[in-house]
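Summary of structural features
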Amino acid sequence: MLDSREAICKSCENRSTAEWISALYDLMDDNVKGTAALVKKHSGDMLIKSGERCEAVYFLLKGTAKIYKELPDGILYEIASVRAPCLMGETEAITDEELSRGTVCAESEETQLIYMPKEVFLHWLHSSNKALFSITQLIINKNFSQQNKDRAMLFSHGYQRLAYRLLSYYEDMGGRGKVCLNIPRERLSEDTGLNIRSISRALNRLEEQGLITRQGRLIVVDGEQADKMKLSVYSELNEQKRQL
């Protein structure tokens, strides 16, 4: 059973997250509030497992979570790191996918979420037009954000395309200070459309320009490097727009 709105808001990451969940809380009927629950997870705790039945939707209120994709050989690799506020598992629920498409794990040591069973979530949307509209807005905004990133990357040269993707990873992980990215070359290739050899050349060029540092297989980006990378990426994008 859900706590009071005030108690839930106290569990949130910040004021904007509290306002986000407060607006949704006001749309929840007694059935939803009586079935959903505020839960705390710790780093490494699994929320959703790829290939298993979709059973719940999660509202991330505090902390971060990592989303993984499973390769054919069973190896998991990270495809995103999301921060509160965020809705997770809603796509599978709405499209009535029987099995989850990805694995989601809590990343922060203290991760606060609202757990809502899939059938309760769907009943809520069916019974409340306002709830349906609000959740639809959340999904569309999330998809638009990703589409804008992909569209911008489409017109970039190879190494700039990789730089843009590395910036996305950096920002997904908080966008502050030094971030170590342990990303397989296969994933970089899949995310950018570049082959493995081109990925290696692009990484060498970014390192020569001082935009990244490599420590073994780790790609390290600090705040100063991220700022320089942004300047480089967006300068080229603006130049491309002037030529169109």
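Scope of this entry: the structure provided in the associated data block. (Residues numbered from 1 in each chain as written. Predicted model: local features only at pLDDT ≥ 70, side-chain atom pairs only at ≥ 80, totals over all residues. Heavy atoms only, no water.)

1. Focus: the overall build of the protein
Note the cut-off: Labels follow the DSSP assignment, with helices taken as runs of H or I lasting at least four residues and strands as runs of E lasting at least two, numbered in each case from the N terminus. Note on exposure labels: buried denotes an accessible area under 20% of the residue type's maximum, exposed denotes more than 50%, and partly exposed covers the range between, all computed with a 1.4 Å probe on protein chains only. Whether two residues are in contact is decided by their heavy atoms: any pair within 4.5 Å suffices. Surface exposure here means Shrake-Rupley accessible area, sampled with a 1.4 Å probe, where a residue is shielded only by the protein chains that are shown.
For the protein, the count of helices and strands is ten helices and eleven strands. Here the protein, with 244 residues, has 45% of them falling under the buried criterion. Of the contacts formed within the protein by residues at least 6 apart in sequence, a portion of 71% connects residues at least 24 apart. Carbon together with sulfur atoms contributes 49% to the accessible area of the protein, which is approximately 13200 Å² in total.

2. What about helix H9 (residues 196–208)?
Defined as follows: An expected span of 1.5 Å times one less than the residue number is assigned to each helix. The arc refers to the directions leading from the helix axis to the C-beta atoms. Polar contacts here mean pairs of N or O atoms no more than 3.5 Å apart (in protein, one a potential hydrogen donor and the other a potential acceptor; neighbouring residues in sequence count only if both atoms are side-chain atoms).
The end-to-end C-alpha separation of H9 is 18 Å, in line with the 18 Å expected for 13 residues at 1.5 Å each. Restricting attention to buried positions, one finds in H9 the residues Ser 198, Ile 199, Ala 202, Leu 203 and Leu 206. One face of H9 carries all of its buried residues, which in axial projection span an arc of 135 degrees. Turned more than 90 degrees from where H9 packs its buried face, Arg 197, Arg 201 and Glu 208 sit exposed. Measuring from the backbone nitrogen of Arg 197 back to the side-chain oxygen at the start of H9 gives 3.2 Å, which picks out Asn 195 as the cap. Looking at the residues trailing H9, positive phi occurs at Gly 210, about 75 degrees.

3. Points about unusual backbone geometry
The omega torsion across Ala 84 and Pro 85 is 0 degrees, close enough to zero to call that bond cis. Relative to the helices and strands, Pro 85 is located in the loop between strand E5 (76–83) and strand E6 (86–88). Even without being glycine, Asp 96 reaches a positive phi, approximately 60 degrees. Position of Asp 96 among the secondary structure elements: in the loop between helix H4 (90–94) and strand E7 (103–106).

4. Thoughts on the pattern of salt bridges
Filter applied, for reference: Salt-bridge detection follows one rule: a side-chain nitrogen of Lys or Arg within 4 Å of a carboxyl oxygen of Asp or Glu.
In this structure the tally under the stated criterion is eleven salt bridges. A salt bridge links Glu 19 to Arg 15, with the shortest nitrogen-to-oxygen separation between them at 3.3 Å. Here Arg 15 and Glu 19 lie together in helix H2 (residues 15–25), a separation of four residues that amounts to about one turn. Between Asp 191 and Arg 187 there is a salt bridge whose closest N-O contact spans 3.3 Å. A residue pair is termed a helical-turn pair when its members lie 3 or 4 positions apart in one helix, as Asp 191 and Arg 187 do in helix H8 (residues 185–192) at four residues. By relative accessible area, which is 4% here, Arg 187 ends up buried.

5. Considering the pairing of strand E3 (residues 56–62)
The cut-off we apply is this: At least two DSSP bridges between two strands are required for those strands to pair.
Of all seven residues in E3, six are buried, a share of seventy percent or more. Two elements, E3 and strand E8 (residues 111–117), share six bridges in a ladder whose sense is antiparallel. Within E8, the residue paired with Leu 60 across the bridge is Leu 113. Note: E3 against E6, three bridges, orientation antiparallel. Along E6, the bridge assignment pairs Tyr 58 with Met 88.

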